[in-house]
Number of protein chains: 2
Amino acid sequence: MNERELVRRLQAKAGRAPGLALGIGDDCAIYRPGAGQELVFTTDLFIEDVHFLRVSTPAEQAGARALARSLSDIAAMGASPRFCLVSLALPSWVNRKWFDGFYRGLLKLARKYKMALAGGDMSHAAKLTCDVMVCGSVAKGKALRRSGAKPGDLIYVSGPLGGWKHKKQPEPRIELGRKLAGKASAAIDISDGISLDLYRLCAASNVAAKIDRVPPLLPGATAKQALHDGEDYELLYTASPKVSVPGFKIGSIVRGRAGSVSYMGRPLALKGYDHFAGNCS
Amino acid sequence: MNERELVRRLQAKAGRAPGLALGIGDDCAIYRPGAGQELVFTTDLFIEDVHFLRVSTPAEQAGARALARSLSDIAAMGASPRFCLVSLALPSWVNRKWFDGFYRGLLKLARKYKMALAGGDMSHAAKLTCDVMVCGSVAKGKALRRSGAKPGDLIYVSGPLGGWKHKKQPEPRIELGRKLAGKASAAIDISDGISLDLYRLCAASNVAAKIDRVPPLLPGATAKQALHDGEDYELLYTASPKVSVPGFKIGSIVRGRAGSVSYMGRPLALKGYDHFAGNCS
């Protein structure tokens, strides 16, 4: 496999997206934004032996998960994904079958949201290393931020928690995010467990939070996993009690030290995933 | 160093850019495009032992080169860079001094073009791995593509070639690219030597090319290096003889087999950099 051949193979499968004037094959992709839209951007790494294990991750699932991490961030902004750029450094164990499977999984998830693969980069490395940038669009001023939560707001999670591994495929909450845009006061995707992500939302909003209900759990998951495990692809968000939003109520925003969170009346420790603490999923 | 601390350190130095409504610290960055603009996007990997050697690359230079690779693509589209996202996987040898130096070099180059660091991701890896996405803007319809060259057009390079290592710092041709927008018929950045990049431009434009002058050379560089070496940060572009553009004329576009290039009357072999041929700079 050489780079030109791989690029040609991808061009044929990259898909189209509204506004994408030029995709794979030039120095840059070209996107023409619609009137009244603002764009949101996120990028997420997906690395062998850090985010996934080669032995336990089929190629298609690896491709889907590599994209889903960024899609979950797009969902948390209330935006619609438009296109992605995929940088991929390949180790020598990757053969054509794995390569094709990886992009099949990634592009299957991309098609679900009518988004295109618009470009990227390729190189080689000792461990498979992928970085996926996604651009999404949302009506001007309607993007959800972490910083808008106010005392009295209710806190919601979008679905049962405790580790996505109980599901067959990651399912980022794009549809729900779109519904929340302009309604929720703040949102974040649960990438590192409720404890760390609710801390982040509260710190950004300069408020505190109390959780007074056990969060909804995936079958077989424990409350501890829901509080401290990552990669759930669910959203954590707040809304005024006057606004009706879908989801599971778990508590409320209160005045207090910025970022402090209580769970059933006791302070909740920060035990979420931190890459520099040496965790490995 | 933990991730929250590193993110806080970067937030303070990330800079601002027109249109960037939200930078580091949320699930996504938010950008509000100006009226009449189209956006261009590129991403480039920069990996230890593939693109740079730790022993011979000071941290600041590594940061500047990581960004310059993408800026050169932005220049080739005739666009102005607006913001970047930086994904960085750090090996255990990286200490705070190196980390700070890397971002100092990257942000110094970013400030030169009034662009901001708008976000990114961080993780760990055995080898330092960086992926830099840059978004640029250009007036609608004025972006330069590889595919517009026509028989009779003249071929130019923007400056002396033969390997950027003869220079102290990479200098992507942003200013020149802006001048060429709407004037040049096609453009590409020279990332893999003239032979491979002129092949790419001609293949995209469905034309052939003849080079009838030795390209301008950096002091100490050979014509062979100029033809087949990469990472020059110069542009290769074509323009109608009726249009006046700056640069060094090296030949002209002719009818012929798409992508075929002759040099001083003889076919030019494709010897440019291909990551999957196992090269390492």
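These figures come from a predicted structure and were not determined experimentally.

**Quick word on the sheet that holds strand 1 (residues 20-22) of chain A**
Point 1. With mixed pairing, six strands are arranged side by side in an open sheet as 1(A)-2(A)-3(B)-6(B)-4(B)-5(B). Lying at the two open borders of the sheet, with one neighbouring strand each, are strand 1 of chain A together with strand 5 (116-124) of chain B. Recorded for the sheet is a direction-independent mean angle of 20° between the axes of neighbouring strands.
Point 2. In terms of strand pairing, strand 3 (residues 37-47) of chain B meets strand 6 (residues 129-139) of chain B through 11 bridges, oriented antiparallel. Paired with Asp 44 of chain B across the two strands is Val 132 of chain B, which belongs to strand 6 of chain B.
Point 3. Its contacts with the sheet place helix 2 (residues 59-76) of chain B against strand 3, strand 4 (80-90) and strand 6 of chain B, and it is angled at close to 140° to strand 3 of chain B.

**A few points about the confidence of the model for chain A**
Residue and element names in this part refer to chain A.
Point 1. On average, residues of chain A score 91 in pLDDT, and 94% of them reach the 70 mark or higher.
Point 2. Confidence drops under pLDDT 50 across residues 276-281; counting only partners more than four residues distant or on other chains, this segment forms 19 contacts.
Point 3. Overall fold confidence (pTM) sits at 0.93, and the ipTM for the predicted complex is 0.93.

**Here's the deal with the sheet that holds strand 11 (residues 248-254) of chain B**
Residues and elements named next belong to chain B.
Point 1. Strand order in the open sheet made by the seven strands is 8-10-7-11-9-12-13, with mixed pairing throughout. The strands lining the two open edges of the sheet, one partner per strand, are strand 8 (186-189) and strand 13 (266-267).
Point 2. Both strand 8 and strand 10 (residues 235-239) contribute to a ladder of four bridges, which runs antiparallel. For Ile 188, the partnering residue across the bridge sits in strand 10 and is Leu 236.
Point 3. Contacts from helix 2 reach strand 8 and strand 10 within the one sheet, and its direction differs from that of strand 8 by about 175°.
Point 4. On the sheet, helix 5 (residues 194-205) packs against strand 7 (154-157), strand 8, strand 9 (208-211), strand 10, strand 11 and strand 12 (261-263) and is oriented at approximately 145° with respect to strand 8.

**Focus: the pattern of salt bridges**
Point 1. For the structure shown, the criterion picks out 24 salt bridges over all chains.
Point 2. A salt bridge links Arg 200 of chain A to Asp 192 of chain A, with the nearest nitrogen and oxygen atoms 2.6 Å apart. Just as Arg 200 of chain A is buried, Asp 192 of chain A falls in that class too.
Point 3. Within this structure, Asp 26 and Asp 27 of chain A together with Arg 146 of chain B form a network of salt bridges that share partners.

**Examining the packing of aromatic side chains**
Point 1. Taken as a whole and assessed by the stated rule, the structure comprises 17 aromatic pairs over all chains.
Point 2. Considering the side-chain rings of Tyr 156 of chain A and Tyr 237 of chain A, the 5.5 Å spacing of their centres and the 10° angle between planes classify their relative orientation as stacked. Placement of the pair is Tyr 156 of chain A in strand 7 (residues 154-157) and Tyr 237 of chain A in strand 10 (residues 235-239), with a sequence separation of 81 residues.
Point 3. Each residue in the set Tyr 31, Phe 41 and Phe 83 of chain A together with Tyr 31, Phe 41 and Phe 83 of chain B is aromatic and connected to the rest through ring pairs, giving one cluster.

**Focus: the interface of chain A and chain B**
Point 1. At the junction of the two partners, chain A supplies 63 residues and chain B supplies 63 residues.
Point 2. When chain A packs against chain B, the two sides together hide about 5,400 Å² of surface, and 58% of this comes from carbon and sulfur.
Point 3. Remark: the boundary between chain A and chain B carries eight salt bridges.
Point 4. For the interface between chain A and chain B, the tally reads 19 residue pairs in polar contact (both at pLDDT 80 or more).
Point 5. Looking at the side of chain A that touches chain B, the element that brings in the most residues is strand 3 (residues 37-47) of chain A, giving 10 residues.
Point 6. When grouped by side-chain class, the residues that make up the side of chain A that touches chain B number 33 nonpolar, 14 polar and 16 charged.
Point 7. As defined by bridge partners, strand 3 of chain A adjoins strand 2 (residues 29-31) of chain B across three bridges and the pair is classed as antiparallel. If you follow Phe 41 of chain A over to strand 2 of chain B, its bridge partner there is Ala 29 of chain B.

**Some words on the packing of helix 1 (residues 3-11) of chain A against helix 3 (residues 96-112) of chain A**
Residue and element names in this part refer to chain A.
Point 1. Across the interface, helix 1 lies against helix 3 with an axial gap of 12 Å and an inter-helix angle of 35°. Considering the relative orientation of helix 1 and helix 3, their crossing is right-handed. On helix 3, the residues that touch Glu 5, Leu 6, Arg 9 and Leu 10 of helix 1 are Arg 96, Phe 99, Asp 100 and Tyr 103.
Point 2. Residues of the contact of helix 1 with helix 3, tallied by class, amount to four nonpolar, no polar and four charged.

**Description of the relation of the copies chain A and chain B**
Point 1. Taken as rigid bodies, chain A and chain B are interconverted by a rotation of 180° and an axial shift of 0.0 Å, the fit giving an RMSD of 0.0 Å. Here the copies are linked by what is in effect a two-fold axis.

**Considering the pairing of strand 9 (residues 208-211) of chain A**
All names here are of chain A.
Point 1. Across four bridges, the pairing between strand 9 and strand 11 (residues 248-254) is antiparallel. Note on strand 11: the bridge partner recorded for Ala 209 is Ile 253.
Point 2. Alignment of strand 9 against strand 12 (residues 261-263), held across three bridges, turns out to be parallel. Pairing of Ile 211 across the sheet is with Tyr 263, part of strand 12.

**Considerations on the environment of Glu 48 of chain A**
Residues and elements named next belong to chain A.
Point 1. When you line up the elements, Glu 48 lands in the loop between strand 3 and helix 2 (59-76).
Point 2. Residue classification places Glu 48 among the buried positions, given a relative accessible area of 6%.
Point 3. Here the alpha-carbon distance between Glu 48 and Pro 91, two residues 43 residues apart in the chain, equals 9.8 Å.
Point 4. Glu 48 has contacts with Arg 54, Pro 91, Trp 93, Ala 126, Lys 127 and Leu 128, leaving out every residue within four places of it along the chain.
Point 5. Side-chain polar atoms of Glu 48 contact the backbone nitrogen of Leu 128, separated by 2.6 Å.

**Digging into helix 1 (residues 3-11) of chain B**
Residues and elements named next belong to chain B.
Point 1. Among the residues of helix 1, Glu 3, Leu 6 and Leu 10 are the ones counted as buried. Take helix 1 and look down its axis: the buried residues cluster within an arc of 65°, on one side only.
Point 2. Taken together, the buried residues of helix 1 touch helix 3 (96-112) and strand 5.

How each quantity is defined
Every chain is numbered on its own, with residues counted from 1 as its sequence reads. Chains and ligands are labelled by the order in which they are written, letters from A for the one and numbers from 1 for the other. Only residues with pLDDT of 70 or above have their local features reported here, since the model is predicted, and side-chain atom pairs are shown and tallied only from 80 upward, although totals for entire chains, interfaces and linings are computed over all residues. Excluded from the side-chain calculation are hydrogens and water; included are all heavy atoms of the structure. A pair of strands counts as paired when DSSP detects no fewer than two bridges linking them. Each helix is a run of DSSP H or I of at least 4 residues and each strand a run of E of at least 2, with the numbering of both proceeding from the N terminus. Angles run from 0 to 180 degrees between N-to-C directions of axes, and those axes are lines fitted to C-alpha atoms, restricted for helices to the stretch in contact. Between two residues, a contact is recorded if the distance between any of their heavy atoms is within 4.5 Å. Think of pLDDT as the predictor's per-residue confidence, scored from 0 to 100. Only one rule defines a salt bridge in this text: a Lys or Arg side-chain nitrogen within 4 Å of an Asp or Glu carboxyl oxygen. Here the term buried applies to any residue with accessible area under 20% of the maximum for its type, exposed to any over 50%, and partly exposed to those in between, with areas from a 1.4 Å probe on protein chains only. Each aromatic pair joins two rings of Phe, Tyr and Trp (for Trp, the six-membered one) with centres within 6.5 Å, and gets the label stacked for planes under 30 degrees apart, edge-to-face for over 60, and tilted for any other angle. Buried area adds together the accessible area that both of two parts lose upon being put together, with accessible area traced by a 1.4 Å probe. The definition of a polar contact used here is a pair of N or O atoms within 3.5 Å, where within protein one atom must be able to donate a hydrogen and the other to accept one, and adjacent residues in sequence count solely through side-chain atom pairs. Residue classes follow a fixed rule: Ala, Val, Leu, Ile, Met, Phe, Trp, Tyr, Cys and Pro count as nonpolar, while Asp, Glu, Lys and Arg count as charged, and any other residue, Gly among them, counts as polar. Each helix crossing is assigned a hand: it is left-handed if the near helix lies turned anticlockwise from the far helix by less than a right angle, otherwise right-handed if that turn is clockwise. In this comparison the copies share one frame, found by least squares on the C-alpha atoms of residues holding pLDDT of at least 70 in both. The arc under discussion is defined with respect to the helix axis, by the directions toward the C-beta atoms.

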